[in-house]
Amino acid sequence: MCLFNSKLSKIDYTNLHKPLQIANRTFPVNIIQGPLAGYSSAAFRLLTWQYSKPAFSYSEMISANALAKNSRKTRERFLTKDPNEGPVCFQLVGNSAKELAEAAKIITDFGADMIDLNCGCSVPKIHGNGAGSSLLLDRPKLYKLLCALRQSTPLPLLVKIRVAIDSDQTNIEIAKVIADAGVDCLVVHGRNWKEQYSTPCRLDAIKFFVEQMKIPVIGNGDVCCLESLKKLLETGSAGVMIARAGVGQPWLIGKLIAEMEQKPFTIPLPEEVGKIYIAHVTHLAKLLNSEKIAVLQARKLARPYAKCIKHRKEFCNAINSCDNLLDFQKLCNDYFW
Ligand SMILES: Cc1cc2nc3c(=O)[nH]c(=O)nc-3n(C[C@H](O)[C@H](O)[C@H](O)COP(=O)(O)O)c2cc1C
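About the cut-offs
Counting restarts for each chain, with residues numbered from 1 along the sequence as it is written. The predicted origin of the model limits local features to residues at a pLDDT of at least 70 and limits the giving and counting of side-chain atom pairs to 80 or more, whereas totals for whole chains, interfaces and linings rest on all residues. Helix numbers and strand numbers start at the N terminus; a helix is a DSSP run of H or I with at least 4 residues, a strand a run of E with at least 2. We compute the radius of gyration from the C-alpha atoms alone; for a globule the expected value is 2.2 Å times N to the 0.38, where N is the number of residues. A residue is called partly exposed when the number of other C-beta atoms within 10 Å of its own lies between 12 and 20, exposed at 12 or fewer, and buried at 20 or more, with C-beta atoms placed from the backbone. Two residues form a contact once the distance between their C-beta atoms, set from the backbone, is within 7 Å. Any helix carries an expected span of 1.5 Å times its number of residues minus one. The arc in question is the one traced by the directions running from the helix axis out to the C-beta atoms. The rule is simple: place the C-beta atom from the backbone, and if it lies within 6 Å of a molecule or strand, the residue is near it. Lys, Arg, Asp and Glu make up the charged group, whereas Ala, Val, Leu, Ile, Met, Phe, Trp, Tyr, Cys and Pro make up the nonpolar group; the residues left over, Gly among them, are polar. Think of it this way: DSSP has to see at least two bridges between two strands before they count as a pair. Handedness of a crossover: with both strands directed away from the viewer, a clockwise path from the first strand across the helix to the second marks it as right-handed. Among buried residues, those of type Ala, Val, Leu, Ile, Met, Phe, Trp, Tyr and Cys that are joined through C-beta atoms within 7 Å form a set called a nonpolar core. Note that the domain bounds reflect an automated or database-derived domain assignment. Each axis is a line fitted through C-alpha atoms, taken for helices only over the stretch in contact, and angles between the N-to-C directions span 0 to 180 degrees. Orientation categories follow fixed angle ranges, with anything under 35 degrees roughly parallel, anything over 145 roughly antiparallel, 65 to 115 roughly perpendicular, and all other angles oblique.

K.L.:
Explanation requested: the overall build of the protein chain in the structure shown.
P.N.:
From N to C terminus, the protein chain includes 14 helices and 10 strands. Taking 2.2 N^0.38 as the reference for a compact globule, 337 residues should give roughly 20 Å; the C-alpha atoms of the protein chain span a radius of gyration of 20 Å, in line with that estimate. Principal-axis analysis of the C-alpha atoms gives the protein chain an extent of 55 × 55 × 35 Å. Within the span of the protein chain, comprising 337 residues, buried residues form 47% of the whole. Sequence separation of at least 24 residues holds for 69% of the intrachain contacts in the protein chain that already meet a minimum separation of 6.

Here it is as structure tokens:
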């Protein structure tokens with residue numbers, strides 16, 4: 001839910017629209033589609049690229065342990081990039097320097113554009129296993145893992161963190177470890193690992209990192225419209241990451257870029273949104289090599305895609321009991337057209 005009024009004001013937004021430089025890469029825009037486990041597949045990213053052209057998109061988080069063990073399932077599901085999609089930052093999650101180094105080599109050979117270490121995930125399975133946001137509590141370990149990654153890939157290295165739970169001093173220590181390890185770009189989600197989405201994102205904490213770091217800092221949290229984007233860019237962040245708001249509206253980043261450039265932008269009509277939804281799920285079925293799993297995933301995509309249709313609730317209920325692609329397409333045809 002957007003906390004900001006999306007009405008365009010008379011403020012000049014054009015100065016917010018800047019290129020983004022990360023190590024040796026320059027991106028013409030500074031908005032990024034963020035990682036979303038269970039969502040940011042190649043199918044999702046391709047649509048984001050077709051409708052928005054963000055600076056780059058993130059993969060879902062990928063277990064370094066599974067990659068290092070050469071898990072076929074993990075490779076097939078996560079090491080995918082459509083030839084027609086734009087740059088992708090592949091995100092690793094892990095707690096072992098050896099596994100992360102091995103996984104980074106695999107991802108580099110695969111053809112990733114950038115690599116990120118997940119230091120923000122707070123779900124018990126990850127945090128409790130000494131990975132994700134728990135790395136922010138153990139700075140020596142964080143340093144060791146980042147150095148291992150740095151040594152195993154020439155690609156730009158990013159880190160995505162949450163802010164510290166206790167003090168500015170902890171944030172300073174985290175910033176120092178990240179700088180010392182030779183990371184190229186920091187992404188800061190302005191909540192601590194214990195905070196839920198009901199707590200608003202802390203822009204002052206993002207600004208704190210912007211002021212501490214020499215490398216570019218990308219701010220993240222609660223951006224869904226021009227006003228919230230502007231507030232985040234006012235922290236001095238070199239770029240902005242949008243995660244949840246991109247689901248079901250792959251044109252969002254394109255719309256925001258157009259608004260910053262004060263150019264017209266036409267939001268897709270419901271028929272077009274129906275086509276996008278069908279393309280998304282059909283592509284998922286190919287990627288996952290399973291119509292059944294794709295249709296299951298279609299269920300959680302129903303609400304975001306159906307925002308524009310009249311009988312949204314009825315449609316979502318119908319999708320929830322649908323179990324094959326043909327019926328899924330028929331339902332979309334009935335409700336979006
Ligand atoms: C369903 C879901 C999955 C997520 N998966 C990841 C992930 O794989 N890696 C990660 O770093 N953050 C993940 N996040 C966090 C988001 O990338 C982002 O930091 C957070 O949602 C705040 O940004 P937003 O307000 O733009 O959504 C996830 C969030 C959600 C809701």
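K.L.:
Teacher, can you tell me more about helix α6 (residues 139-152) here?
P.N.:
Think of an α-helix as 3.6 residues a turn; residues three or four steps apart then line up on the same face. Compared with the 20 Å implied by 1.5 Å per residue over 14 residues, the 20 Å span of α6 between its first and last C-alpha is a close match. Of all the positions in α6, only L142, L145, L146, A148, L149 and S152 are classed as buried. Along the axis of α6, the buried residues cluster in a sector spanning 155°; they form a single face. Of the residues in α6, the exposed ones pointing more than 90 degrees away from the buried face are P140 and Q151.

K.L.:
Explanation requested: the site of the ligand in the structure shown.
P.N.:
Around the ligand, a shell composed of 21 residues is seen, among which P35, A37, M61, A243 and R244 lie nearest. Classifying every residue of the shell around the ligand gives nine nonpolar, eight polar and four charged.

K.L.:
I keep staring at the pairing of strand β8 (residues 185-189) and nothing clicks. Help me out?
P.N.:
In the case of a regular strand, side chains alternate between the two sheet surfaces. Most of β8 is tucked away, with five of its five residues classed as buried. The side-chain alternation of β8 yields two buried faces, one formed by C185, V187 and H189 and the other by L186 and V188. Direction of pairing for strand β7 (residues 157-162) relative to β8: parallel, over a ladder of five bridges. By the bridge assignment, K160 is partnered in β8 with V187. Once you follow β7 into helix α7 (residues 168-180) and on to β8, the crossover reads as right-handed. Chirality of the crossover, the property in question, places the unit of β8, helix α8 (residues 203-212) and strand β9 (residues 217-220) among those that are right-handed.

K.L.:
Would you explain the environment of K330 in this entry?
P.N.:
By the element assignment, K330 lies in helix α14 (residues 325-336). Linking K330 and E99, residues 231 residues apart in sequence, is a C-alpha distance of 45 Å.

K.L.:
What is the right way to look at the nonpolar core in this model?
P.N.:
In globular proteins that are soluble, nonpolar side chains generally tend to be buried together. Counting residues in each nonpolar core, the largest one holds 81 residues, and the members touching the most others are I115, L149, V159 and L186. It is helix α4 (residues 97-110) that contributes the most residues to this core, six residues altogether. In contact with L186, not counting residues within four places along its chain, are V159, I161, I178, F209, M213, I215 and V217. Ranked by size, the runner-up nonpolar core spans 27 residues in total, among them A43, V273, A294 and F315.

K.L.:
Would you explain the domain arrangement of the protein chain in this entry?
P.N.:
Note: interface size is frequently given as the accessible area lost on complex formation between the parts. The domain architecture assigned to the protein chain consists of domain 1 (14-260) and domain 2 (270-336). In this complex, domain 1 contributes 11 residues to the contact, which on the side of domain 2 involves 11 residues. Considering every element that reaches the side of domain 1 that touches domain 2, the biggest residue donor is helix α1 (residues 42-52), with five residues. Residue composition of the side of domain 1 that touches domain 2, by class: seven nonpolar, three polar and one charged.

K.L.:
How should α8 be read in this particular structure?
P.N.:
Where α8 is concerned, the buried positions are A205, I206, F208 and F209. The buried residues of α8 occupy an angular sector of 150° when the element is viewed end-on, so they sit on one face. More than 90 degrees from the buried face of α8, the exposed residues found are D204 and E211. Buried residues along α8 sit against α7, β8 and β9.

K.L.:
Hey, could you run me through the packing of helix α13 (residues 312-320) against α14 in this one?
P.N.:
When two helices pack together, you describe them by how their axes are tilted relative to each other and by the distance separating the axes. Close contact between α13 and α14 brings their axes to 10 Å; oriented N to C, the two are set at 170°. Taken together, the axes of α13 and α14 are roughly antiparallel relative to one another. Only F328, L331 and Y335 of α14 make contact with α13, whose side of the interface consists of F315, A318 and I319. For the contact of α13 with α14, a count of residues per class yields six nonpolar, no polar and no charged.

K.L.:
Hey, could you run me through the environment of N324 in this one?
P.N.:
You can see N324 is positioned in the loop between α13 and α14. The exposure class assigned to N324 is partly exposed, which follows from the 13 C-beta atoms found within 10 Å. Considering only alpha carbons, one finds N324 and V295, 29 residues apart in sequence, at a separation of 6.2 Å. With sequence-adjacent residues up to four places away left out, N324 is seen in contact with E291 and V295.

K.L.:
Teacher, can you tell me more about the pairing of β7 here?
P.N.:
Most of β7 is tucked away, with six of its six residues classed as buried. Here β7 shows a buried face lined by L157, V159 and I161 and a second buried face lined by L158, K160 and R162. When strand β6 (residues 114-119) meets β7, the two strands line up parallel, connected through five bridges. Among the inter-strand pairings, I115 is bridged to a residue of β7, identified as L157.

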